[in-house]
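Remarks on the overall topology
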Amino acid sequence: MDKATDFVAFALGFLDFVSKATPWFLLVGGLLVYYFREKVKQILARSLALDTETIRATLAKEHAAYSAQLQSGLPPIPRTHSIT
């Protein structure tokens, strides 16, 4: 029975410590996030720009291939008049 009460006392002491330390951890975490937020913004902006360029390049390739496919299926336009 003595070991059980020691464990309960230890668990309660630990939970008491956690409950008292949580606001300090939140404060330190908030200050770190505030300090590094510009760095995080830069990283996210760079990632977004890279993704946008990749999507834009892929779209241009697909558009060129689709345009070529459409133009290959069309009959040639006859030239009835010459431009002079």
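This write-up is about the structure you can find in this document. (Residues numbered from 1 in each chain as written. Predicted model: local features only at pLDDT ≥ 70, side-chain atom pairs only at ≥ 80, totals over all residues. Heavy atoms only, no water.)

**As for the overall build of the protein**
Applicable threshold: Runs of H or I in DSSP of at least four residues are treated as helices and runs of E of at least two as strands, each being numbered from the N terminus. Burial classification: accessible surface area is computed with a 1.4 Å probe over protein chains only, and a residue below 20% of its type maximum counts as buried, one above 50% as exposed, and the rest as partly exposed. Working definition of accessibility: Shrake-Rupley area with a 1.4 Å probe, residue cover restricted to the visible protein chains. Under this rule, positive means Lys or Arg and negative means Asp or Glu; His and the chain ends count for nothing. Charge coordinates come from a single atom per side chain, which is NZ of Lys, CZ of Arg, CG of Asp or CD of Glu.
Regarding its fold elements, the protein presents one helix and zero strands. The dimensions of the protein, computed from C-alpha atoms along their principal axes, are 105 × 35 × 10 Å. Within the span of the protein, comprising 84 residues, buried residues form 1% of the whole. Here the protein displays about 8,400 Å² of accessible surface, and carbon together with sulfur accounts for 71% of that area. The average position of the 9 basic charges and that of the 7 acidic charges among the side chains of the protein differ by 14 Å.

**Focus on the packing of aromatic side chains**
Two aromatic rings, taken as a pair, are described by how far apart their centres are and by the angle between their planes. The condition is simple: Ring pairs shown here join Phe, Tyr and Trp side chains whose ring centres sit within 6.5 Å, with only the six-membered ring taken for Trp; geometry is labelled stacked below 30 degrees between planes, edge-to-face above 60, and tilted in between.
Under the definition given, this model contains one aromatic pair. Between tyrosine 35 and phenylalanine 36, the ring centres sit 4.9 Å apart and the planes meet at 85 degrees, which makes this aromatic pair edge-to-face. Given a relative accessible area of 62%, tyrosine 35 falls into the exposed group. When its relative accessible area of 42% is taken as the criterion, phenylalanine 36 is described as partly exposed.

**Observations concerning the environment of leucine 50**
With respect to the element layout, leucine 50 can be found in helix α1 (residues 2-73). Judged by relative accessible area, leucine 50 falls into the exposed class, the value being 56%. Note: C-alpha distance between leucine 50 and alanine 60 (ten residues apart in sequence) is 15 Å.

**Regarding the pattern of salt bridges**
Quick reminder of the rule: By definition here, a salt bridge exists when the distance from a side-chain nitrogen of Lys or Arg to a carboxyl oxygen of Asp or Glu is within 4 Å.
Taken as a whole and judged by the stated rule, the model has three salt bridges. One salt bridge in this structure joins lysine 41 and glutamate 38, with 3.5 Å as the shortest N-O distance. Of this pair, lysine 41 and glutamate 38 both sit in helix α1, separated by three residues, roughly a single helical turn. When the shortest N-O distance is used, the salt bridge between glutamate 53 and arginine 56 registers 3.4 Å. With glutamate 53 and arginine 56 both in helix α1 and three residues apart, the pair spans about one turn of that helix.

Read these as spatial facts, not as claims about activity.
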